[in-house]
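Spelled out from the first residue to the last, the chains are:
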Amino acid sequence: MLALFLLIRFGLSYLFKFTNYLSGLSGREVQTEEKISAPTAPTLEELPEYTKESEIRVTGKTKPGQTVFVFVNDNKKEVLSDAQGEFNAIVTLDKDKENKIYAFTTDNMGQNSQNSREYTVKFDDQAPKIEVINIVSGIIFYGE
């Protein structure tokens, strides 16, 4: 009767606390398990496949206030997401190499999320070489 009264009057949380108290009096220990879920992976904005710049800005979204680790190959950059959950990091690319870029988040409990989608960006600052192999007189070209 008392348990039913407590359930109606105070709800389930007080009923569980009361049950824990009673079991503590009897010498048994009741363990309650609290599930803590891992943070969600950040979402990165689309990155180009090729660039002539040695540094690019990596932007994305996650939950507000989370620490975001942005990786370019083995190099790590740590940033904090703002109140809207947005973050950005300027990262340096390795020349003439495929740069693998991804990120993950860490919450205040130290739990890591899964990795975000991985992008491959190649940095090449050399202009392409153009060779004219067939010259015909009288042809006019327009445009860029």
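All figures in this text were calculated on a predicted structure; none of them were measured in a lab.

Draft legend 1. Inspection of the side chain of Thr105 at higher detail. Mapping Thr105 onto the fold places it in strand 7 (residues 98-106). On the basis of relative accessible area, Thr105 is assigned to the buried category, the value being 0%. Looking at Thr105, its side chain comes within polar contact range of the main-chain oxygen of Thr40, at 3.1 Å. When residues no more than four places from it in sequence are discounted, the contact partners of Thr105 are Pro39, Thr40, Pro42, Thr62, Gln66, Thr67, Val68, Gln111, Asn112 and Ser113.

Draft legend 2. Quick look at the pairing of strand 5 (residues 75-80). Of the strand pairs in this sheet, strand 4 (residues 67-72) and strand 5 are connected by six bridges, and their pairing is antiparallel. Counterpart to Val72 in the pairing with strand 5 is Asn75. Counted along the chain from strand 4 to the antiparallel partner strand 5, the turn is two residues long, and its residue Asn73 has a positive phi close to 55 degrees.

Draft legend 3. Highlighting the sheet that holds strand 8 (residues 119-123). The five strands lie next to each other as 2-8-7-4-5, forming an open sheet whose pairing is mixed. One side of each edge strand has no neighbouring strand; the edge strands of this open sheet are strand 2 (50-51) and strand 5.

Draft legend 4. Summary view of the pairing of strand 6 (residues 86-92). Burial along strand 6 is one-sided: the face carrying Phe87, Ala89 and Val91 is buried and the face carrying Glu86, Asn88, Ile90 and Thr92 is not. Two elements, strand 3 (residues 55-61) and strand 6, share seven bridges in a ladder whose sense is antiparallel. Within strand 6, the position partnered with Glu55 by the bridge is Thr92.

Draft legend 5. Spatial organisation of the packing of aromatic side chains. Here the structure, examined in full by the defined rule, presents three aromatic pairs. Measuring from ring centre to ring centre gives 5.1 Å for Phe71 and Tyr102, while their planes differ by 5 degrees; the resulting arrangement is stacked. Of this pair, Phe71 sits in strand 4 while Tyr102 sits in strand 7, and the two are 31 residues apart along the sequence. Each member of the pair, Phe71 as well as Tyr102, is classed as buried. With a centroid separation of 5.6 Å and 25 degrees between ring planes, the pair formed by Phe71 and Phe104 is classed as stacked.

Draft legend 6. Spotlight on the nonpolar core. Judged by nonpolar contacts, the single largest core of 17 residues is most densely connected at Leu47, Ile56, Val58, Val70, Val91, Leu93 and Ile101. Listing elements by their share of this core, those giving two or more residues are strand 3, strand 4, strand 6, strand 7 and strand 8. Residues in contact with Val58, not counting those within four places in the same chain, are Leu44, Leu47, Val70, Phe87, Asn88, Ala89, Val91 and Ile101.

Conventions we followed
- Residues numbered from 1 in each chain as written.
- Predicted model: local features only at pLDDT ≥ 70, side-chain atom pairs only at ≥ 80, totals over all residues.
- Heavy atoms only, no water.
- Helix = DSSP H or I, 4+ residues; strand = E, 2+ residues; numbered from the N terminus.
- Buried < 20%, exposed > 50% of the residue type's maximum accessible area, 1.4 Å probe, protein only.
- Polar contact = N/O pair within 3.5 Å; in protein donor to acceptor, adjacent residues only side chain to side chain.
- Contact = heavy atoms within 4.5 Å.
- Pairing = 2+ DSSP bridges.
- Phe/Tyr/Trp six-rings, centres within 6.5 Å; stacked < 30°, edge-to-face > 60°.
- Core = buried A, V, L, I, M, F, W, Y, C linked by side-chain atoms within 4.5 Å.

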